[in-house]
Amino acid sequence: MTLPDLSDYFVPTQESELIDLLGRFGERAMIVAGGTFVHGLEARGLLSEVEALIDIGRLGLGGISQDAAGVTLGATTTLAELRRADFVQTDPAFGALQDALDYPPVQIRNVGTVGGCLAASAPLYDVPAALFALDGTACVRGAGGARDIPLNEFFVGLFENALRTDEFIAAVTLPKPAARTASAFLKLETNANDLAIINVAVRITLGENGRCADSRVVIGGGVGECYVRAGSAEAALEGGKAGGELFATAAAAVAHDIEPVTDQRGSEAYRRHMAIVYTRRALERALGRMVTGGTNG
Amino acid sequence: MKKLVQLNVNGDTHELAVNPDETLLGVLRNHLDLIGPKRGCDSGGCGCCTVHVDGKAVYSCMMYAVSAQDKNVVTIEGLGQNNDQGNGNGRELDPLQQAFIDAGAVQCGYCTCGVIMAAKELLDTVKNPDEDEIRHAIAGNLCRCTGYQKIVDAIKLAAAAV
Ligand SMILES: Cc1cc2nc3c(=O)[nH]c(=O)nc-3n(C[C@H](O)[C@H](O)[C@H](O)COP(=O)(O)OP(=O)(O)OC[C@H]3O[C@@H](n4cnc5c(N)ncnc54)[C@H](O)[C@@H]3O)c2cc1C
Ligand code: FES
Ligand code: FES
C-alpha cells in the first residue's frame, strides 16, 4: 500500500454523502475525479496522511449544457468530452479552450476532468488558463450551502485554492461571450508531454469600430504562484486599434505583470522574453480567428 | 482493508479483492497476469501502461482499480479475433499488431503494447488519419528505440488495412 493511513475508498452516490465524508475526514480526505493529479501526488509520496479517497465519479456531476447565460460544465466532464463540444470546435470566442485542450495527451483527456484541473490549482496547466481567460466561475457546494467563486479569486497560491475542506466544485460556468469576441491559447513546452515553460490565454472583444473594447490576458507556467492576469497588457489593449502594433505594445507590457522563476525548464529572462512573444502571437491568433469567422457575433 | 471489485477485462468478468489504492495496472499485471501493459514511470509520463477503459485509451498506472468497477477494460491481450479452436493458434492479430510486425516498428518492445492501444483508439474514431493526427494520438507515449518513424509508418499501414 502506498497510502499507509488509508482507511477506505468511498464512492458516494449522493452529494449529501460526499459532504458528510468531507466533513468527517477534513484535511485527511482526498477527492478523486480522474485521479491523474492525485496519482502524481501519490507517486511523490505526498499523500501519506490521506485516510479517505472519495471517488466522485458516480454523483452525476458530468455533462455540458448551454443556455442564454452561457455554458455550464459539470465538474466531472472529461477534457475529451469538452474538446468534442460544438462550441469549443467552432466558436472563435472559445478558441482558447480548443487550443489548450490540444495539449494534454489523449490518455489524460479521456479521464482528467474540468473540476480536477481547476482544483489541482497548478498554474502550470493549460486548460485552467483558458477557462480563466473566458471568465470562468467555479460553482461550489458544501456543508454551508452553495457559492460561486470566480476563477479570478479561486486560485490563491501554488496548489492552493479558495475551497474550504468541506466544499467541492459541482460545475464551472462560462458566461456567454459578447459579439465579436475571439480567444486563443499558446504553450511553450520542452516536449509533447511536458508542463508549460510559459503559457498564455487571451480573449479580445472588438467594438463596432474595430477597437478593443474588452480583453483578458492570462499567463501561466512558472511566472508566479498563481496564474497572472496581466492587467498592464489589458490596459494597453483598451480602446486601441486591433492589430500588430497594438499587440506588440500590449505584449511588451506583460513584462511588468509577471515574476518568472528560473528552473530546469527555462531561466527567468527566457520566460520573460517568451511571455512577451507568446502574448503577441496569441493576440494575433485570436484576431485571425475573428477575421476568418465562426459562429458567434 | 480490501475492497471487492468486479472488473470486465478482455471480455471476462473477474471478482477480485484489492487494496483500495491499487492501480488498475497493478491489478492487471499482478492479479490477472496480463503483462502486456508495462510499468514504466508509474506517473503518466511514458504511456507504456496504456489500456482501454470503455473504449478510451487511459494510463492504467493512474487509475485506481476500484474506479474501473463495472467498466470494460481491454489490454493488448484482448485485441484481435479470438479464433482459438483448441489447436493452439489462439488469436488472430489485430491489423495494428500485424502492421507493427510488417513495418518493423518494434525494437525492444517495451513501449509497443501502449503505443498500439493509443493508436487503436485513433483508428477506432478517425478514418484514414493523416500524419499529424497519428503523431498527436501517440504524443502521450514515449519510445526510446525507434525514433517513432516506423511506428508512424505502421499506424498508416494499419489505417489502410482497416
Ligand atoms: C502526464 C500528464 C500530462 C498532462 N498534460 C497536461 C497538459 O498538457 N495540459 C494541461 O492543461 N494539463 C495537463 N495535465 C494535467 C491534467 O489536465 C490534470 O491532471 C487533470 O485535468 C486533473 O483532473 P483529474 O480529474 O484527473 O483530477 P484528480 O487527480 O482527480 O484531482 C485533482 C485535484 O483536485 C481535487 N478535485 C478533483 N475534482 C474535484 C472537485 N470536483 N471538487 C473539489 N476538488 C476536486 C482532487 O482532490 C485533487 O486534489 C497533465 C497531467 C498528466 C498526469
Ligand atoms: S507507467 Fe503509466 S504512463 Fe508510465
Ligand atoms: S521499441 Fe523500445 S521503447 Fe519503443
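Before reading further, recall that the structure is shown in the block above.
Computed from a prediction, not measured in an experiment: that's the story for all the values here. Each chain carries its own residue numbering, running from 1 in the direction its sequence is written. Working convention: letters from A go to chains and numbers from 1 go to ligands, in the order in which they are written. It should be noted that, the model being predicted, local features are given only for residues of pLDDT at least 70 and side-chain atom pairs only at 80 or more, the latter also being counted only at that level, while totals for whole chains, interfaces and linings use all residues. As a rule here, side-chain values come from all non-hydrogen atoms in the structure, and water together with hydrogens is ignored.

Novice: Tell me about the site of ligand 1, and please be specific about residues and values.
Specialist: All names here are of chain A. Near, as used in this document, describes a residue that has one of its heavy atoms within 4 Å of the molecule or strand being considered. Neighbouring residues of ligand 1: 33 residues in total, closest Ile31, Gly34, Thr36, Thr113 and Asp126. Interatomic distance of 2.8 Å between a backbone N/O atom of Ile169 and a nitrogen atom of ligand 1. Per-residue and other accessible areas follow the Shrake-Rupley method at a 1.4 Å probe size, with only the shown protein chains counted as cover for residues. Relative to its free-state accessible area of 980 Å², ligand 1 is covered by the protein chains to the extent of 92%. If you list the elements that add at least two residues to the shell around ligand 1, you get strand E2 (29–32), helix H2 (36–43), helix H7 (114–119) and strand E10 (168–175). If you tally residues by element for the shell around ligand 1, the top one is H7, at four residues. Here the term charged refers only to Asp, Glu, Lys and Arg, the term nonpolar to Ala, Val, Leu, Ile, Met, Phe, Trp, Tyr, Cys and Pro, and the term polar to all other amino acids, Gly among them. Of the residues assigned to the shell around ligand 1, the class counts are 22 nonpolar, nine polar and two charged. Polar contact criterion, stated in full: a pair of N or O atoms within 3.5 Å, where within protein one must be able to donate a hydrogen and the other to accept it, and residues adjacent in sequence count only if both atoms are side-chain atoms. Numbering goes from the N terminus for both helices and strands, where a helix is a DSSP run of H or I of at least four residues and a strand is a run of E of at least two.

Novice: Describe helix H2 (residues 95–102) of chain B, naming the residues involved and giving the relevant values.
Specialist: Every α-helix winds through 3.6 residues per turn, so residues three or four apart in the chain are directed the same way. Residues and elements named next belong to chain B. When we look at burial in H2, the residues that qualify are Leu96, Gln97, Ala99 and Phe100. One face of H2 carries all of its buried residues, which in axial projection span an arc of 165 degrees. For H2, the exposed residues lying more than 90 degrees away from the buried face are Ile101 and Asp102. A side-chain oxygen of the first residue of H2 lies 2.8 Å from the backbone nitrogen of Leu96; this N-cap is Asp94. Where H2 terminates, the next one or two residues include Gly104, which has phi positive at roughly 65 degrees. The buried label goes to any residue with under 20% of its type's maximum accessible area, the exposed label to any with over 50%, and the partly exposed label to all in between, with areas taken from a 1.4 Å probe on protein chains only. As used here, the arc belongs to the directions running from the helix axis to the C-beta atoms.

Novice: Give me the lowdown on the sheet that holds strand E4 (residues 56–59) of chain B, citing residues and values where you can.
Specialist: Residue and element names in this part refer to chain B. Strand order across the open sheet formed by five strands is E2-E1-E5-E3-E4, with mixed pairing between neighbours. The outermost strands of the open sheet, each flanked by one partner alone, are strand E2 (12–18) and E4. Going from strand to strand, the sheet's axes swing by 40 degrees on average, the running direction of each strand aside. What makes two strands pair is DSSP finding at least two bridges between them. For strand E1 (residues 3–9) and strand E5 (residues 72–74), the ladder comprises two bridges, and the chain directions are parallel. The partner of Val9 across the bridge, within E5, is Val73. Contacts are assigned to residue pairs that have any heavy atoms within 4.5 Å of one another. Whenever a helix is involved, its axis is fitted only over the stretch in contact; in every case the axis is a line through C-alpha atoms, and angles between N-to-C directions fall within 0 to 180 degrees. Packed on one face of the sheet, helix H1 (residues 24–31) meets E1, E2, strand E3 (50–53) and E5 and runs near 105 degrees to E2. Helix-sheet contacts for helix H3 (residues 112–125) involve E3, E4 and E5, and the interaxial angle to E3 is about 40 degrees.

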